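Examining the three-dimensional arrangement
Residues per chain, in single letters:
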Amino acid sequence: MAEKITVSVLREKKAQGLKITMVTAYDYPSARMVEEAGLDMILVGDSLGNAVLGYENTLPVTMDEMVHHTRAVCRGTRHTFVVADLPFLSYHVSVEQAILNAGRLVKEGGAQAVKLEGGKERLEVIKRIIAAEIPVMGHLGLTPQSIHQFGGFKVQGKNKEQAEKLLADALLLEEAGVFALVLECVPAPLAAMITEKISIPTIGIGAGSGCDGQVLVWHDLLGITQDLKPRFVKNYAHLHDDITGALKQYKAEVEKGQFPAAEHSYTMKEEEIPRLY
Ligand code: KIV
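Residues numbered from 1 in each chain as written. Predicted model: local features only at pLDDT ≥ 70, side-chain atom pairs only at ≥ 80, totals over all residues. Heavy atoms only, no water.

Topic: the pairing of strand β5 (residues 136–141)
We count it as follows: Burial here depends on accessible area, computed with a 1.4 Å probe over protein chains only, as a share of the maximum for the residue type. Under 20% is buried, over 50% is exposed, and the range in between is partly exposed. By definition, any uninterrupted DSSP run of H or I lasting at least four residues is a helix, any uninterrupted run of E lasting at least two residues is a strand, and each is numbered from the N terminus. A strand pair is defined by DSSP finding two or more bridges across the two strands.
Counting buried positions along β5 yields six of six residues, so the element is predominantly enclosed. Covered by surrounding structure in β5 are V136, G138 and L140 together with M137, H139 and G141, the residues of both alternating faces. Pairing geometry for strand β4 (residues 113–115) and β5, over two bridges, is parallel. Paired with V114 across the two strands is V136, which belongs to β5.

Listed below in structure tokens is the structure:
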């Protein structure tokens, strides 16, 4: 029987030098497949916005959308640890609102933890959500909700000053009690150094192999996205081509009258047929 992944299992994996596996998912069938494949964690990311809902970036994603998709994912999981993203402006306005929104992802969505972006400026909110018994995952480096502050999707921490700030933020988040930390688009040597210096697991995306675990977006991993492919993405399948190929074949067979064939159709008693006319 597969073991139920918990915060302490993840901590233990880091202690033993075992890699942690995570992928995003946004619906029930995907969650079932992740569960069957035995990955440790699912992130119901606010990448929902661009990956699934067709928004330009993650900023328009709402709490209702996150709850809706988190609920679908959680219906498909038993052992996988589910983390749900707090979307833009759901934790920036007040601590009370942040706790209530984090609580919705757990109470209504069924997630086991929430993730939010940012370092020092988020410490109070993080501590208060944790005090409400909700595990929090941190997210540093390229934080997509800050895209307008960054002026685009750029690798973070490339010079000494930026790197020191990232390490300082990582240490502060660890002290505040986050159970794990996503490092996104950070130079591999810096991510490896942060991973050594903190006791909680680091989960990298575009942060090299020195992290304790890795996360990829579902559509990138499976080759569904046709957009510009960032350097850190590896396509483990080419589902865009498989799916459009299947759709074209279906269209052609319907148009030629080849589908449905007899084996896809239901019959009735011969004597009933003349009675139809
Ligand atoms: O929303 C998301 O998918 C994420 C990952 C890129 C870490 O935050």
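There's more to say after this.
As for the domain arrangement of the protein chain
Applicable threshold: Residue ranges labeled as domains rest on an automatic or database domain assignment.
With domains assigned, the protein chain is organised as domain 1 (7–240) and domain 2 (242–272). Using only C-alpha atoms to locate each centre, domain 1 and domain 2 end up separated by 43 Å.

A word on helix α11 (residues 239–255)
The condition is simple: Here the expected length of a helix is defined as 1.5 Å per residue gap, with one fewer gap than residues.
Here α11 is 17 residues long and its end C-alpha atoms lie 24 Å apart, about the 24 Å a rise of 1.5 Å per residue gives. G257 sits one or two positions beyond α11 and adopts a positive phi of about 75°.

Examining the nonpolar core
As a reminder of what qualifies: The nonpolar core is taken to be a set of buried Ala, Val, Leu, Ile, Met, Phe, Trp, Tyr and Cys residues, with the residues joined through side-chain atoms within 4.5 Å. Contacts are assigned to residue pairs that have any heavy atoms within 4.5 Å of one another.
In this structure, L86, I129 and L183 are the most contacted members of the largest nonpolar core, which totals 56 residues. Looking at this core element by element, the count peaks at six residues for helix α8 (residues 160–176). Dropping the residues within four chain positions of it, L86 is found in contact with M63, Y91, N101, A102, L105, V114, K115, L116, I129 and Q145.

Some words on the site of the ligand
Note the following rule: Proximity criterion: a residue is near a molecule or strand once any of its heavy atoms comes within 4 Å of it. Here a polar contact is taken to be a pair of N or O atoms separated by no more than 3.5 Å, where protein atoms must pair a possible hydrogen donor with a possible acceptor and residues adjacent in sequence count only if both atoms sit in side chains. Residues are grouped as follows: Ala, Val, Leu, Ile, Met, Phe, Trp, Tyr, Cys and Pro are nonpolar; Asp, Glu, Lys and Arg are charged; all remaining types, including Gly, are polar.
By nearness alone, every residue bordering the ligand is listed as T24, L43, G45, D46, S47, D85, K115, H139, V182, E184, I205 and V217. Between the ligand and D46, the relevant distance is 3.1 Å, taken from an oxygen atom to a side-chain nitrogen or oxygen of the residue. At 3.1 Å from an oxygen atom of the ligand is found a side-chain nitrogen or oxygen belonging to D85. Of the residues contributing to the shell around the ligand, the split by class is four nonpolar, four polar and four charged.

Things to note about the packing of aromatic side chains
Defined as follows: Stacked, tilted and edge-to-face pairs are distinguished by plane angle, under 30 degrees for stacked and over 60 for edge-to-face with tilted covering the rest, among Phe, Tyr and Trp rings (Trp via its six-membered ring) whose centres lie within 6.5 Å.
With the rule as written, the count across this model stands at two aromatic pairs. Ring centres 5.5 Å apart and planes at 65° place the aromatic pair F81 and F179 in the edge-to-face group. Taken together, the residues F81 in strand β3 (residues 81–85) and F179 in the loop between α8 and β6 (180–184) connect sequence positions 98 residues apart. Accessibility classification places F81 together with F179 in one group, the buried group. Relative to F259, the ring of Y250 lies with its centre 6.0 Å away and its plane at 65°, an arrangement referred to as edge-to-face.

Things to note about the sheet that holds β6
This is how it is decided: In this analysis an axis means a line fitted to C-alpha atoms, helices contributing only their contacting stretch, and an angle means the value between N-to-C directions, from 0 to 180 degrees.
One closed barrel accounts for eight strands, arranged β1-β2-β3-β4-β5-β6-β7-β8; its pairing is parallel. Direction aside, neighbouring strands of the sheet carry axes that sit 25° apart on average. Here three bridges tie strand β1 (residues 20–24) to strand β2 (residues 41–44), and the two strands are oriented parallel to one another. Counterpart to T24 in the pairing with β2 is L43. The strands touched by helix α4 (residues 63–75) are β2 and β3; relative to β2, the strand with the most contacts, the crossing angle is about 155°.

Focus on the pairing of strand β8 (residues 213–216)
Direction of pairing for β1 relative to β8: parallel, over a ladder of four bridges. Its bridge partner lying in β8, V23 is registered against L216. In the sheet, strand β7 (residues 202–205) pairs with β8 via two bridges, with the strands oriented parallel. Each bridged residue has a counterpart across the sheet, and for G204 the counterpart in β8 is Q214.

Topic: the packing of α8 against helix α9 (residues 188–197)
Rules: The labels follow the angle: roughly parallel below 35 degrees, roughly antiparallel above 145, roughly perpendicular from 65 to 115, and oblique for the rest. We call a crossing left-handed when the near helix sits turned anticlockwise from the far one by less than a right angle, and right-handed when that turn is clockwise.
Two elements in contact, α8 and α9, have axes whose closest approach is 10 Å; the angle formed by their N-to-C orientations is 30°. Considering the angle they form, α8 stands roughly parallel to α9. For the pair α8 and α9, the crossing hand works out as right-handed. For the pair formed by α8 and α9, the contact residues are A163, L166, L167, A170, L171 and E174 on the first element and L190, M193, I194 and K197 on the second. For the contact of α8 with α9, the class distribution of residues is eight nonpolar, no polar and two charged.

Let's talk about the confidence of the model for the protein chain
What counts is decided by this rule: The pLDDT value expresses, per residue, how confident the predictor is, ranging between 0 and 100.
This prediction gives the protein chain a mean pLDDT of 97; 100% of its residues lie at or above 70. By mean pLDDT, helix α7 (residues 147–150) is the weakest element of the protein chain at 91, and β2 is the strongest at 99.

Observations regarding the pattern of salt bridges
Short version of the rule: Any Lys or Arg side-chain nitrogen found within 4 Å of a carboxyl oxygen on Asp or Glu counts as a salt bridge.
For the structure on display, the rule yields 10 salt bridges. The partner of D40 in a salt bridge is K13, and the shortest N-O contact between them spans 3.0 Å. Note that D40 is positioned in the loop between α2 (28–37) and β2 and K13 in helix α1 (residues 7–15), a separation of 27 residues in sequence. Taking the shortest distance from any N to any O, the salt bridge between E108 and R71 comes out at 4.0 Å. Of the two residues, E108 sits in the loop between α5 (95–107) and β4 while R71 sits in helix α4, which places them 37 residues apart along the sequence. Of the residues examined, E108 reaches a relative accessible area of 35% and is grouped as partly exposed. Given the relative accessible area of 34%, R71 is considered partly exposed. Because the salt bridges share partners, they merge into one network encompassing D64, R71, R104 and E108.

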